[in-house]
Number of protein chains: 2
Amino acid sequence: MTTVPIKTNWASSQPPRIKAPTQEQLQRLIAALKQGRYAVSGEELRSHSVDWWPIAKKRAQIEELAQPGLVLWPKTTAEIIQIMRIAQEEQIPLTPYGGGSSVVGGAIPVPGGVVLDTREMAEELQLDKISQIVTVQTGLMGSDLEERLNARGYTLGHYPQSLFLSTVGGWVATRASGTFSSKYGNIEDLIKGLRIVLPGGELLAFDPVARASTGPDLKQLFLGSEGILGIVTEVDLAIQRLPAQRIFRGIGFDDLFVGMEAIRELTQSDLQPAAVRLYNPSEAERILSLVGEPKGQCLLILAWDGPQAVVEVQQQLSIELCRRYGGRDLGSRPGDAWYSSNRFDVRWLTEAINTPGMIADTIEMSMLWKDARNVYESVTEALGRTATDVLAHFSHVYSTGTSLYLIFTLKGDNDAEVEQQYFRAWADVMNAAIASGASISHHHGIGLMRARWMQQEHGDTLELLRNLKSMLDPTGMLNPGKLLPEK
Amino acid sequence: MTTVPIKTNWASSQPPRIKAPTQEQLQRLIAALKQGRYAVSGEELRSHSVDWWPIAKKRAQIEELAQPGLVLWPKTTAEIIQIMRIAQEEQIPLTPYGGGSSVVGGAIPVPGGVVLDTREMAEELQLDKISQIVTVQTGLMGSDLEERLNARGYTLGHYPQSLFLSTVGGWVATRASGTFSSKYGNIEDLIKGLRIVLPGGELLAFDPVARASTGPDLKQLFLGSEGILGIVTEVDLAIQRLPAQRIFRGIGFDDLFVGMEAIRELTQSDLQPAAVRLYNPSEAERILSLVGEPKGQCLLILAWDGPQAVVEVQQQLSIELCRRYGGRDLGSRPGDAWYSSNRFDVRWLTEAINTPGMIADTIEMSMLWKDARNVYESVTEALGRTATDVLAHFSHVYSTGTSLYLIFTLKGDNDAEVEQQYFRAWADVMNAAIASGASISHHHGIGLMRARWMQQEHGDTLELLRNLKSMLDPTGMLNPGKLLPEK
């Protein structure tokens with residue numbers, strides 16, 4: 001198994017073939033705006049030079065990052081069509097930007113290039129209460145959508161940790177997952193239709209469909225395409241009624257792998273939890289201390305949404321199942337604590353980034369159950385070479401497998417050393433993940449950080465993605481450097 | 001709204017640009033077989049000239065259908081690769097053939113062309129009990145797979161009416177649905193990986209993945225591609241444990257649309273039935289008479305699979321919900337009768353086809369809930385112009401919508417008249433479906449019969465499918481005439 005070498009200069013991920021546009025080209029783009037606004041200088045360029053990729057945020061603490069030459073906030077689809085057409089004609093690199101919450105550099109622009117910020121197209125267009133479908137523009141922030149839905153008795157059931165930082169379009173672009181995915185599905189399960197502007201400026205409308213057998217479901221091409229194949233402007237999302245009941249249960253396990261067997265059994269036994277999170281002792285510690293339970297044990301948090309009589313039976317059977325695996329019922333408090341304390345709080349990350357000689361990050365991946373123990377052991381061992389402590393949990397469980405989420409902090413004598421460690425940690429984990437049979441990302445996506453492992457992840461099938469990219473974006477101007485590694 | 005004109009000669013759906021291969025070309029293909037077998041004459045050519053498309057079966061009663069020039073039964077992927085390469089080089093039309101259970105002409109070959117029958121590649125390759133994934137070759141018959149799984153305590157949960165007639169590959173090609181789809185999902189939900197030979201002979205391997213965010217899920221391109229983009233040779237399918245309990249309930253409704261509201265409410269209220277089938281009075285009659293209930297009413301059949309305590313609560317809440325809509329609890333017998341009587345029996349269809357001056361067929365479609373009543377009224381009215389009685393049911397329900405399934409018989413003075421009526425009935429229903437907001441097929445697919453409506457179904461997005469076809473099959477030799485209408 002070949003491993004991808006460590007690379008220490010993240011900015012060099014930007015493909016050298018891409019050139020910054022001229023002033024005339026930028027003016028042509030600006031002229032395409034009829035209602036939208038733009039910026040060619042100032043704080044807006046700086047804020048769009050970075051996303052939530054920790055190493056980029058860290059670098060931005062130390063030095064000025066390369067900025068885009070122009071930020072556009074179109075207000076209409078017609079403007080996006082014009083912008084895309086001009087960018088293709090003039091070969092201007094264009095990076096879509098939503099909430100900027102990518103943790104892998106997915107929204108970092110080409111130096112001097114153009115950013116298309118979607119956030120001024122953030123309307124709810126329609127709420128179909130009969131079919132339970134909401135149609136929104138993709139610049140809408142996730143939390144705004146959820147709040148609007150809740151006020152009318154609905155939920156999307158999609159609660160990524162980035163709920164308050166990310167747009168609906170970002171979810172589509174990255175194949176996002178929410179913590180209640182076991183019940184509500186991932187974003188690809190919620191999207192029933194979409195409108196997309198292709199790089200040439202063509203608008204494709206996939207009308208909402210419950211389910212059909214009328215050829216391949218081609219809108220799937222754009223879910224997870226990370227803005228390299230087009231800009232999704234509107235989506236039709238399946239919504240659910242707010243559940244009659246949402247209940248939590250915490251279970252303690254002495255051994256992580258026994259706990260893992262229990263959640264596999266639970267998932268394969270038809271007990272339909274809405275959320276499943278099994279923490280290793282390091283990550284369990286915070287919640288255990290909040291509820292006064294002894295540390296040093298693994299913690300499983302389960303949640304169910306649904307009619308009271310149903311969820312109570314599911315919970316009871318699940319507790320019994322966990323007991324058969326030696327699980328200790330810790331009652332509802334650990335789950336309540338997880339849910340109500342700081343699920344959406346990312347200060348721990350910001351603080352580490354802001355501390356000299358320190359950085360924190362998360363790496364997640366997915367795997368089949370048969371590989372889960374081996375993956376866990378391989379990647380935590382690999383990460384242990386640089387990180388002193390690894391917080392980890394299994395979540396987003398399926399009958400076939402699970403995701404694994406790692407949280408780690410790196411410390412060094414100075415920022416330069418930490419940056420070296422950072423890329424080493426990533427390379428160690430990615431190489432170990434691939435060698436042990438994991439997929440390199442469950443829901444964070446590829447961006448700049450993981451692009452180098454895409455060939456190993458996909459093998460020959462990556463050529464199909466390259467061919468699609470060439471077909472839809474012949475000049476390669478849309479979000480260059482992301483998702484697909486330069487050859 | 002433009003409507004597609006009635007077309008009365010089904011054979012003319014075959015694109016005229018396609019030429020039958022020469023004897024030399026056929027010999028080259030035969031030479032590619034190392035272990036597989038072939039036929040160039042006799043009954044095998046006749047049996048491969050037709051599938052389960054009723055009008056083709058009917059025509060075959062009257063006259064000899066145009067036959068393929070060669071049927072190939074490859075035994076290895078290497079042989080398929082060779083065959084595909086030669087077909088592309090020599091521009092030989094090649095039609096994949098599984099169980100031949102397409103009801104829309106999806107497996108009908110080009111006259112004098114080549115048929116690739118997959119049924120000698122029917123091995124189970126692996127059963128991963130930990131990840132609950134079975135890997136099979138796609139020539140395996142559906143019922144054989146289910147029987148093997150049942151013997152070991154598993155089920156695919158995928159029971160199309162064609163279970164005993166169709167191959168796994170056919171399910172992939174058409175985006176098949178089983179009657180218990182509300183619990184187990186449709187085929188696209190079960191497929192975790194696949195291997196496909198592209199028209200140029202390239203083998204692409206999509207390894208099984210629980211779920212990932214590593215770019216678009218490109219295997220989706222091939223689900224529902226009806227054999228025009230490649231030949232899927234192997235699939236990795238998620239399996240489930242046999243449910244602890246499977247229970248049924250029948251509910252009577254006076255009014256179909258009130259019953260429809262009840263099943264929408266049920267589906268949107270988190271009561272997770274595994275199967276939902278709401279029959280109009282005409283279709284309800286057979287089962288009602290089996291269980292001695294009065295005819296003239298609508299019949300809803302519900303099923304739940306799962307742990308006993310869970311399904312009993314779900315059933316109880318569902319009965320209460322239906323009662324609020326005026327539903328009458330008819331106990332478990334109607335469901336038992338449906339399940340155990342003749343779900344897989346298609347003699348009624350064969351008998352109608354074999355009767356002079358008569359034909360029967362089914363047409364299904366999908367729609368959002370908001371359009372369901374309008375679609376039902378429009379398409380049954382349209383079908384009523386030719387058919388004397390329309391049996392209909394809603395099934396495969398989703399939070400966003402439902403499928404509608406029509407069963408009808410046509411009678412005329414002679415076969416020629418019936419054939420005219422047949423195409424008129426189809427055109428009337430397809431045009432009414434599109435005008436009222438339905439998708440033209442829920443799970444039967446497009447084949448030859450529906451290809452003429454694909455442009456209206458998909459609008460501008462059909463061009464994307466055409467471009468994919470050109471990219472993957474530049475000579476257009478793979479299953480010509482299917483799915484995509486000739487321009």
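Residues numbered from 1 in each chain as written. Chains lettered and ligands numbered in written order. Predicted model: local features only at pLDDT ≥ 70, side-chain atom pairs only at ≥ 80, totals over all residues. Heavy atoms only, no water.

S.K.: Just checking my understanding: could you explain the sheet that holds strand β6 (residues 133–137) of chain A for this structure?
M.R.: Strand pairing in a sheet relies on backbone hydrogen bonds, with the paired strands running either antiparallel or parallel. Residues and elements named next belong to chain A. Here we have 5 strands laid out as an open sheet, ordered β5-β6-β10-β8-β9, and antiparallel in their pairing. The sheet is open, and its two borders are formed by β5 (124–128) and β9 (203–206), each paired with just one other strand. Geometrically, the sheet is characterised by an average inter-axis angle of 10 degrees between neighbouring strands, direction not taken into account. Bridge count between β5 and β6: 4 bridges; the pairing is antiparallel. Across the sheet, the residue bridging to L127 is V134, located in β6. (Pairing = 2+ DSSP bridges. Helix = DSSP H or I, 4+ residues; strand = E, 2+ residues; numbered from the N terminus. Axes fitted to C-alpha atoms, helices over the stretch in contact; angles between N-to-C directions.)

S.K.: How do you make sense of the interface of chain A and chain B when you look at a structure like this?
M.R.: Often, the extent of an interface is quoted as the loss of accessible area upon association of its parts. Each side of the interface is counted separately: chain A has 85 residues, and chain B has 85 residues. A buried area of about 6,400 Å², summed over both sides, lies between chain A and chain B, and 59% of it is on carbon and sulfur atoms. Across the contact surface, chain A and chain B share 6 salt bridges. We note a salt bridge from K183 of chain A to D270 of chain B, for which the minimum N-O separation is 2.8 Å. Broken down by element, the side of chain A that touches chain B gets its largest block of residues, 6 residues, from helix α17 (residues 462–472) of chain A. Tallied by class, the residues present in the side of chain A that touches chain B amount to 38 nonpolar, 31 polar and 16 charged. (Contact = heavy atoms within 4.5 Å. Buried area = accessible area lost by both parts, 1.4 Å probe. Salt bridge = Lys/Arg side-chain N within 4 Å of Asp/Glu carboxyl O. Nonpolar A, V, L, I, M, F, W, Y, C, P; charged D, E, K, R; others polar.)

S.K.: Sorry, what's going on with the environment of D389 of chain B here?
M.R.: Residue and element names in this part refer to chain B. Relative to the assigned elements, D389 resides in the loop between α14 (369–383) and β17 (390–395). Residue D389 is classed as partly exposed on the basis of its relative accessible area, which comes to 38%. Separated by 36 residues in sequence, D389 and A425 place their C-alpha atoms 12 Å apart. With near-sequence residues (within four places) excluded, D389 lies in contact with S282, I407, F408 and T409. A distance of 3.0 Å separates a polar atom in the side chain of D389 from a polar atom in the side chain of S282. (Buried < 20%, exposed > 50% of the residue type's maximum accessible area, 1.4 Å probe, protein only. Polar contact = N/O pair within 3.5 Å; in protein donor to acceptor, adjacent residues only side chain to side chain.)

S.K.: Just to check I follow, could you spell out unusual backbone geometry for this structure?
M.R.: Only a minority of non-glycine residues have a phi that is not negative, and only a minority of peptide bonds are not trans. A positive phi is found at R175 of chain A, a non-glycine position, where the angle reads about 55 degrees. Overall, R175 of chain A belongs to the buried group, its relative accessible area being 5%.

S.K.: Would you take a moment to explain the domain arrangement of chain A for this structure?
M.R.: Residue and element names in this part refer to chain A. By the assigned domains, chain A splits into domain 1 (23–120), domain 2 (125–241), domain 3 (245–342) and domain 4 (346–449). Relative to domain 4, the C-alpha centre of domain 1 lies at a distance of 29 Å. At the junction of the two partners, domain 1 supplies 14 residues and domain 4 supplies 24 residues. Summed over both partners, the interface of domain 1 with domain 4 buries about 1,500 Å², with 69% contributed by carbon and sulfur atoms. Ranking the residues of domain 1 by area buried against domain 4 places I55, K58 and V104 at the top, with a combined share of 40%. If you look at where domain 1 meets domain 4, you find 2 salt bridges. Across the pair E419 and R59 runs a salt bridge whose closest N-O atoms are separated by 2.3 Å. (Domains from an automatic or database assignment.)

S.K.: Explanation requested: the packing of helix α3 (residues 54–62) of chain A against helix α15 (residues 415–435) of chain A in the structure shown.
M.R.: Axes are the key here: two packed helices are described by the angle between their axes and the distance separating the axes. All names here are of chain A. One way to put it is that α3 packs onto α15 with a least axis distance of 11 Å and a crossing angle of 165 degrees. When the axes of α3 and α15 are compared, the pair comes out roughly antiparallel. Between α3 and α15 lies a crossing whose hand is left-handed. Together, P54, I55, K58, R59 and I62 of α3 and D415, E419, Y422 and F423 of α15 make up the contact between the two elements. Residues belonging to the contact of α3 with α15 are distributed by class as follows: 5 nonpolar, no polar and 4 charged. (Parallel < 35°, antiparallel > 145°, perpendicular 65-115°, else oblique. Left-handed = near helix turned anticlockwise from the far one by under 90°.)

S.K.: What is the right way to read the pairing of β9 of chain A from this model?
M.R.: Every other side chain in a regular strand lies on the same face of the sheet, so the side chains alternate between the two faces. All names here are of chain A. Along β9, the buried face is formed by L204 and F206; none of L203 and A205, which line the opposite face, is buried. The pairing of strand β8 (residues 191–197) with β9 spans 4 bridges and is antiparallel. Pairing of I196 across the sheet is with L204, part of β9. In sequence, β8 turns back onto β9 through a hairpin of 5 residues, with G201 there showing a positive phi of about 100 degrees.

S.K.: Explain the sheet that holds strand β10 (residues 231–238) of chain B here, please?
M.R.: Residues and elements named next belong to chain B. Reading across the sheet, the 5 strands line up as β5-β6-β10-β8-β9 and stay open at both edges, with antiparallel pairing between neighbours. Among the strands making up the open sheet, the edge pair consists of β5 (124–128) and β9 (203–206). Direction aside, neighbouring strands of the sheet carry axes that sit 10 degrees apart on average. Across 5 bridges, the pairing between strand β6 (residues 133–137) and β10 is antiparallel. Bridging across to β10, V136 finds its partner in V235.

S.K.: Can you walk me through the relation of the copies chain A and chain B in this structure?
M.R.: The operation relating the pair of chain copies consists of a rotation about an axis and a translation along that axis. The transformation that overlays chain A on chain B combines an axial shift of 0.0 Å with a rotation of 180 degrees, and the residual RMSD is 0.0 Å. In the structure described here, the two chain copies are related by an operation that fits a two-fold rotation axis. (Least-squares fit on C-alpha atoms with pLDDT ≥ 70 in both.)

S.K.: It is not clear to me how the packing of aromatic side chains should be interpreted in this structure. Could you clarify?
M.R.: The geometry of two aromatic rings is summed up by the distance between their centres and the angle between their planes. By the definition in use, this model includes 20 aromatic pairs over all chains. Summarising the aromatic geometry, the rings of Y376 of chain A and F394 of chain A are spaced 5.8 Å apart at their centres and angled 35 degrees between planes, so their arrangement reads as tilted. Separated by 18 residues along the polypeptide, Y376 of chain A in helix α14 (residues 369–384) and F394 of chain A in strand β17 (residues 390–395) bring together distant segments of the chain. Across this residue pair, the class does not change: Y376 of chain A and F394 of chain A are buried. A centroid spacing of 5.6 Å and a plane angle of 80 degrees characterise the contact between F257 of chain B and Y376 of chain B, whose relative ring orientation is edge-to-face. With a gap of 119 residues between them, F257 of chain B in helix α9 (residues 256–268) and Y376 of chain B in helix α14 connect regions that are remote in the sequence. Within the aromatic cluster, the residues linked to one another by ring pairs are Y159, F180, F248, W338 and Y339 of chain A. (Phe/Tyr/Trp six-rings, centres within 6.5 Å; stacked < 30°, edge-to-face > 60°.)

S.K.: Would you take a moment to explain the confidence of the model for chain A for this structure?
M.R.: Low pLDDT marks stretches whose predicted atomic positions should not be read closely. Overall, the predicted model of chain A reaches an average pLDDT of 95, with 97% of residues at or above 70. We note a pTM of 0.96 for the whole complex and an ipTM of 0.96 for its interfaces. (pLDDT = per-residue confidence, 0-100.)

S.K.: Is there a simple way to think about the pattern of salt bridges in this case?
M.R.: Note that side chains of opposite charge can pair when their charged atoms are close. Counted according to the given criterion, the structure contains 62 salt bridges over all chains. Between R46 of chain B and E64 of chain B there is a salt bridge whose closest N-O contact spans 2.7 Å. Here R46 of chain B, found in helix α2 (residues 43–47), pairs with E64 of chain B, found in the loop between α3 (54–62) and β2 (70–73); they are 18 residues apart in sequence, far enough to count as distant. For R46 of chain B, a relative accessible area of 39% puts it in the partly exposed group. Where E234 of chain B meets R195 of chain B, a salt bridge forms, and the shortest distance between an N and an O atom there is 3.1 Å. Placement of the pair is E234 of chain B in strand β10 and R195 of chain B in strand β8 (residues 191–197), with a sequence separation of 39 residues. For E234 of chain B, a relative accessible area of 18% puts it in the buried group. In this structure, a network of salt bridges that share partners links the residues E381, R385, R424 and D428 of chain A.

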